Amino acid sequence: MEFGVASHGAVLAAAPLVARPTWLLLSPPPPASCIQIQNRLYSISSLPLKAGPVRACRASLASSYTQTTETVDLDWENLGFGIVQTDYMYIAKCGTDGNFSEGELVPFGPIALSPSSGVLNYGQGLFEGLKAYRKTDGSILLFRPEENAQRMQTGAERMCMPAPSVEQFIDAVKQTVLANKRWIPPTGKGSLYIRPLLMGSGTVLGLAPAPEYTFIIFVSPVGNYFKEGLAPINLIVEDKFHRATPGGTGGVKTIGNYASVLMAQKIAKEKGYSDVLYLDAVHKKYLEEVSSCNIFVVKGNVISTPAVKGTILPGITRKSIIDVALSKGFQVITCRSHELRNHLGG
């Protein structure tokens, strides 16, 4: 089965989300050539490489932010969605006491990880994805980062992991974005993709939660995720492979959810499709979601989407589209899979 999904419709619907409560505005840069964190001034070439000492029971927040004013010479018209090595990444550690260290910016590059770490042996890891956008006046916008922070906390609870506070998460995002500000594409040319990672970096052998965790944020300038851009995409409905099952981890953004879709996605792309639309794992006939996004069905003034019941990810874009649709007078129905199928008329 093939579905043409009008992805540009969702983008247009999300346009009103520029309202002040929705976006987090990062102040325009002062004329500076350094990064200031925790009231300490570092030259670009002398940023420390070690995480700071553990602080008890409170987030480590930067008191001010400055950044370089240089620009990067990239082909902004042909970015695509791939990794571009930027300048800095953020790292914080958490030990057995459950408290995260003062995170610090370090040069982007490889990290040391034991072969017996929890993330490598048992997949104890989560990630998030959000973006920073450049306005025409030079200021930078973050889209609902508190939602990503809260979702990481929910996922961490499911995966038996500690998580940074919402405040530390947002502060870490700010630090990382502003330290890499020169990599943010010009207005309308793309965005700076932000990838927070939380993983069990401590060593384990028996099946158990790791004794140490690492929180990392890195960034990369990107264009559109799908090569079609804002044009409709073609999806194939998959009835053999399944992304998630009831009682599993389909409702959290754990790393294992994405490795399991690679085979189905590979087959779909070889057939000329953009991605896969998965069915439920029990009845194998009800729509759930795509490999990397939620799905909406629009008929007239009614918008339907599968309810968050543990097998689909509670997408932040999903929530935003629902908010905007309701504000525009649409009727939004969050329904169970079989009800969504009935809405399609099948």
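Structure: above.
What you are looking at is a predicted structure, and each value in this text was computed from that prediction instead of being measured.

Trainee: How do you make sense of the overall build of the chain when you look at a structure like this?
Mentor: Regarding its fold elements, the chain presents eight helices and 17 strands. For the chain, buried positions account for 47% of its 346 residues. Of the roughly 16,700 Å² of accessible surface on the chain, 56% is carried by carbon and sulfur atoms.

Trainee: Would you take a moment to explain the environment of Lys-319 for this structure?
Mentor: By the secondary structure assignment, Lys-319 is in helix H7 (residues 316–327). Separated by 172 residues in the primary sequence, Lys-319 and Glu-147 have C-alpha atoms spaced 9.7 Å apart. Each residue touching Lys-319, except ones within four places of it in the same chain, is listed here: Arg-144 and Glu-147.

Trainee: Is there a simple way to explain unusual backbone geometry in this structure?
Mentor: Note on backbone geometry: most residues besides glycine have negative phi, and most peptide bonds are trans. In this structure, Arg-144 is a non-glycine residue whose phi angle is positive, near 50°. For Arg-144, the position within the fold is in the loop between strand S9 (140–143) and helix H3 (145–158). Within the chain, Cys-160 stands out as a residue other than glycine whose phi angle is a positive 60°. As for its position among the elements, Cys-160 is in the loop between H3 and helix H4 (166–179).

Trainee: Help me understand the sheet that holds strand S15 (residues 297–299) in this model?
Mentor: Note on sheets: strands pair through backbone hydrogen bonds, and any given pair is parallel or antiparallel. Across the sheet, three strands lie side by side as S15-S16-S17; this open sheet has mixed pairing. Among the strands making up the open sheet, the edge pair consists of S15 and strand S17 (331–335). Going across the sheet, the axis of each strand differs from the next one's by a mean of 20°, ignoring polarity. Two elements, S15 and strand S16 (residues 302–306), share three bridges in a ladder whose sense is antiparallel. Within the sheet, the bridge partner assigned to Val-297 lies in S16 and is Ser-304. Packed onto the sheet, H7 meets S16 and S17 and runs at close to 145° relative to S17.

Trainee: Looking at this model, I keep getting lost on the nonpolar core. Mind explaining?
Mentor: Soluble globular proteins: nonpolar side chains tend toward being buried together. Val-173, Val-177, Ile-194, Leu-198 and Phe-215 are the most contacted members of the largest nonpolar core, which totals 39 residues. Elements supplying a minimum of two residues to this core: strand S5 (88–94), strand S8 (130–134), S9, H3, H4, strand S10 (191–200) and strand S11 (213–222). No other element matches the eight residues that H4 contributes to this core. When sequence neighbours within four positions are dropped, the list of residues in contact with Val-177 reads Leu-26, Ala-132, Ile-140, Leu-142, Ile-184, Leu-192 and Ile-194.

Trainee: Quick question: what am I supposed to make of the environment of Leu-207 here?
Mentor: Relative to the assigned elements, Leu-207 resides in the loop between S10 and S11. The exposed category is assigned to Leu-207, whose relative accessible area is 72%. A sequence separation of 85 residues divides Leu-207 from Tyr-122, and the C-alpha atoms of the two residues are 7.4 Å apart.

Trainee: Hey, could you run me through the pairing of S11 in this one?
Mentor: On any regular strand, side chains alternate: one points to one face of the sheet, the next to the other face. Counting buried positions over the 10 residues of S11 gives nine, a clear majority of the element. With 10 bridges connecting them, S10 and S11 associate as antiparallel partners. Its bridge partner lying in S11, Met-199 is registered against Thr-214.

About the cut-offs
- Residues numbered from 1 in each chain as written.
- Predicted model: local features only at pLDDT ≥ 70, side-chain atom pairs only at ≥ 80, totals over all residues.
- Heavy atoms only, no water.
- Helix = DSSP H or I, 4+ residues; strand = E, 2+ residues; numbered from the N terminus.
- Buried < 20%, exposed > 50% of the residue type's maximum accessible area, 1.4 Å probe, protein only.
- Areas by Shrake-Rupley, 256 points an atom, 1.4 Å probe, with all protein chains shown as cover.
- Contact = heavy atoms within 4.5 Å.
- Pairing = 2+ DSSP bridges.
- Axes fitted to C-alpha atoms, helices over the stretch in contact; angles between N-to-C directions.
- Core = buried A, V, L, I, M, F, W, Y, C linked by side-chain atoms within 4.5 Å.

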